[in-house]
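Each chain, letter by letter, is given below.
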Amino acid sequence: MVAHKPVGPVEATEVPRYAGLGTFARLPQVHEVPDYDVAILGVPYDGGVSFRPGARFAPAAIREASRLLRPGFHVELDTTPVEKKQFVDAGDVACTPYNIGKAVEQIEAAASKFVGTDKVVIALGGDHTIALPMLRATAKVHGPVALLHFDAHLDTWDTYFGEPITHGTMFRRAFEEGLLIEDKSMHIGIRGPVYDQDDFVRDHEFGFQIIRCTDIDEIGVPAAIQRVKDRIGDTPVYVSIDIDVLDPAYAPGTGTPEMGGLHSRELLRLLRGLNGLNIVGADVVEVAPAYDHADTTALAAATLVFDYMALLTQD
C-alpha cells in the first residue's frame, strides 16, 4: 500500500466524462503520482491471431469506453477501490507488429517494470498472446502461479502454421516454461468445436480442470465459484479473461466468437465471486473494436477491469 493518500480519477461532476485525457476511467498517469499499487497497462498487439485481427486497437477502445464508468464505489463488492489503493494508467507497451518473438520479449520487459511484490498489473490486450509475457513477468516476482482462464477456447494447442507462440498456444508454452502450478489452474467457459478429440486429453495432461458453459447450465454460478475457490485456495493466481468467453450477443467485437457463451451477468457474478483469491496479475484480451457495435464489447472489457480493481481492494 502506498504511503500517500491515493489520487483518484477526475471528478465527473466537475469535468464531464466525455472531456479530458482518455486514461482508463480517467485515472492519473503513472508519472503523475509518487508511487502506485496497481498499474493498468495497454498492450496493443495482435500479431498472434489465427482469424480476425484488430485487437491492437483494443486498449484505446477500452479506455474510451471506461469513460462511462463511475469508479468511485463498487456496489456489489461494497468497496471504494480508488480510495483504498493507488491505481494508475501506465500507458501502452511499444512493441513490434512484425515479429512475434521480439514482441513477446518487449512486452515482458515493459511489464516487468511495473510488476512487484506489492504491485499488480492489469493488462489491456491485445490478443491472447500477451498473456505469456505477462505470466513471465509475474512469475519473476511470485514464482509459478495458478491460472484462472475465462475463454471459449483452451489455448493449449501446440503450434499454428509452425509458430510456437500464438493466441491459441501460449498457455502450453507457459506450462512448459514452468510458469503455472498444474494442479491449481482452471479454464471456465470452454465451448464450441475443437481441432481433435484428444485436445482435451492433452489439456488435462497440463494440469487444467475445465468448467464448460454447459457445466454452468447444470451446476449454476455459485457452485462454479466454489469449485474455483476449492481448487485455487490462497495460491497466487493470474486471472486471464478472453472477452470471447461471453456469447457474441454480448461481445460481438472479438476475433474468434463462439455461440453459446456466458451471459454478461453470469460472467460478472463469476468474477465478483472470486473475492478472497490472491490475485497477483490479470488481463482482459481479444477485444477487436472493428467488429464491435455501439462499444458493447469495449464496455464489457472496461467493466471487467473495474471489477478487477474492486477485487484487489477487498478487505
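These notes cover the structure that comes with them. Predicted, not measured: the structure shown is a model, and the values here were computed from it.

### Points about the overall build of the protein chain
Piece 1. In terms of helices and strands, the protein chain carries 10 helices and eight strands.
Piece 2. Over its C-alpha atoms the protein chain spans a radius of gyration of 18 Å, differing by no more than 12% from the 20 Å that the globule rule assigns to 315 residues.
Piece 3. Each of the 315 residues in the protein chain was classed as buried or not, and the buried ones make up 57%.
Piece 4. Sequence separation of 24 or more characterises 77% of the internal contacts of the protein chain that already satisfy a separation of 6 or more.
Piece 5. Summed over all atoms, the accessible surface of the protein chain reaches about 13,000 Å², with 53% contributed by carbon and sulfur.
Piece 6. Across the protein chain, the 27 positively charged side chains and the 45 negatively charged ones have centroids separated by 4 Å.

### A look at the packing of aromatic side chains
We describe a pair of aromatic rings using the distance from one ring centre to the other and the angle between the two ring planes.
Piece 1. Enumeration according to the criterion identifies four aromatic pairs in this entry.
Piece 2. Summarising the aromatic geometry, the rings of Trp157 and Tyr195 are spaced 5.3 Å apart at their centres and angled 85° between planes, so their arrangement reads as edge-to-face. Here Tyr195 lies in the loop between strand E5 (186–190) and helix H6 (199–205) and Trp157 lies in the loop between strand E4 (146–150) and helix H5 (170–176), a separation of 38 residues in the sequence.
Piece 3. We classify Tyr195 as exposed; its relative accessible area is 58%.
Piece 4. Of the aromatic side chains, those joined through ring pairs into one cluster are Trp157, Tyr160 and Tyr195.

### Concerning the nonpolar core
Piece 1. Phe24, Leu148 and Phe150 are the most contacted members of the largest nonpolar core, which totals 59 residues.
Piece 2. Top contributing element to this core by residue count: helix H10 (residues 296–311), with 11 residues.
Piece 3. Contact partners of Phe24, with chain neighbours within four places excluded, come to Ile40, Ile62, Arg63, Ser66, Leu69, Asp89, Leu124, Ala302, Val305, Phe306 and Met309.
Piece 4. By size, the runner-up hydrophobic cluster in this structure holds 40 residues, among which are Ala103, Val145, Val280 and Val285.

### Let's talk about the pattern of salt bridges
Piece 1. Applying the stated criterion across every chain, the model contains 14 salt bridges.
Piece 2. Residues Glu108 and Arg136 are paired through a salt bridge, measuring 3.8 Å at the closest nitrogen-oxygen approach. Within this pair, whereas Glu108 is found in helix H3 (residues 100–112), its partner Arg136 is found in helix H4 (residues 131–142), the two being separated by 28 residues in sequence.
Piece 3. Overall, Glu108 belongs to the buried group, its relative accessible area being 15%.
Piece 4. Judged by relative accessible area, Arg136 falls into the buried class, the value being 18%.
Piece 5. In this structure, Lys140 and Glu108 form a salt bridge, with 3.0 Å as the shortest nitrogen-oxygen distance. Of this pair, Lys140 sits in helix H4 while Glu108 sits in helix H3, and the two are 32 residues apart along the sequence.

### Remarks on the side chain of His149
Piece 1. Mapped onto the secondary structure, His149 falls in strand E4.
Piece 2. Note on His149: relative accessible area 0%, which makes it buried.
Piece 3. Among the polar contacts made by the side chain of His149, one reaches the side chain of Asp151 at a distance of 2.8 Å.
Piece 4. When neighbours within four sequence positions are excluded, His149 is seen to be in contact with His128, Leu154, Asp155, Phe171, Met186, His187, Ile188 and Ser240.

### Examining the packing of helix H9 (residues 264–272) against H10
Piece 1. Taken N-terminus to C-terminus, the directions of H9 and H10 make an angle of 20°; their axes are 10 Å apart at the nearest point. Considering the angle they form, H9 stands roughly parallel to H10. Handedness of the H9/H10 crossing: right-handed. Contact with H9, carried on its side by Leu267, Leu268, Leu271 and Arg272, involves Thr303, Leu304, Asp307, Tyr308 and Leu311 of H10 and no other residues of that element.
Piece 2. For the contact of H9 with H10, the class distribution of residues is six nonpolar, one polar and two charged.

### Details of the sheet that holds strand E1 (residues 38–43)
Piece 1. Strand order in this open sheet of eight strands is E2-E1-E3-E8-E7-E4-E5-E6, and the pairing throughout is parallel. Whereas interior strands pair on both sides, the edge strands pair on one side only; in this sheet they are strand E2 (87–92) and strand E6 (209–212). On average, adjacent strands in this sheet sit at an angle of 15° to one another, irrespective of strand direction.
Piece 2. Against the sheet, H10 touches E1, E2, strand E3 (120–125), strand E7 (236–242) and strand E8 (278–285), its axis set at about 175° to E8.

### Details of helix H1 (residues 58–65)
Piece 1. The buried fraction of H1 amounts to six of the eight residues, a majority that puts the element mostly inside the structure.
Piece 2. Considered for burial, the residues of H1 that qualify are Ala58, Pro59, Ala61, Ile62, Arg63 and Ala65.
Piece 3. Buried residues in H1 make contact with E1, E2, E3 and H10.

What counts and what doesn't
Residues numbered from 1 in each chain as written. Predicted model: local features only at pLDDT ≥ 70, side-chain atom pairs only at ≥ 80, totals over all residues. Heavy atoms only, no water. Helix = DSSP H or I, 4+ residues; strand = E, 2+ residues; numbered from the N terminus. Rg over C-alpha atoms; globule rule 2.2 N^0.38 Å. Buried < 20%, exposed > 50% of the residue type's maximum accessible area, 1.4 Å probe, protein only. Contact = heavy atoms within 4.5 Å. Areas by Shrake-Rupley, 256 points an atom, 1.4 Å probe, with all protein chains shown as cover. Lys, Arg positive; Asp, Glu negative; His and termini not counted. Charge placed at Lys NZ, Arg CZ, Asp CG, Glu CD. Phe/Tyr/Trp six-rings, centres within 6.5 Å; stacked < 30°, edge-to-face > 60°. Core = buried A, V, L, I, M, F, W, Y, C linked by side-chain atoms within 4.5 Å. Salt bridge = Lys/Arg side-chain N within 4 Å of Asp/Glu carboxyl O. Polar contact = N/O pair within 3.5 Å; in protein donor to acceptor, adjacent residues only side chain to side chain. Axes fitted to C-alpha atoms, helices over the stretch in contact; angles between N-to-C directions. Parallel < 35°, antiparallel > 145°, perpendicular 65-115°, else oblique. Left-handed = near helix turned anticlockwise from the far one by under 90°. Nonpolar A, V, L, I, M, F, W, Y, C, P; charged D, E, K, R; others polar. Pairing = 2+ DSSP bridges.

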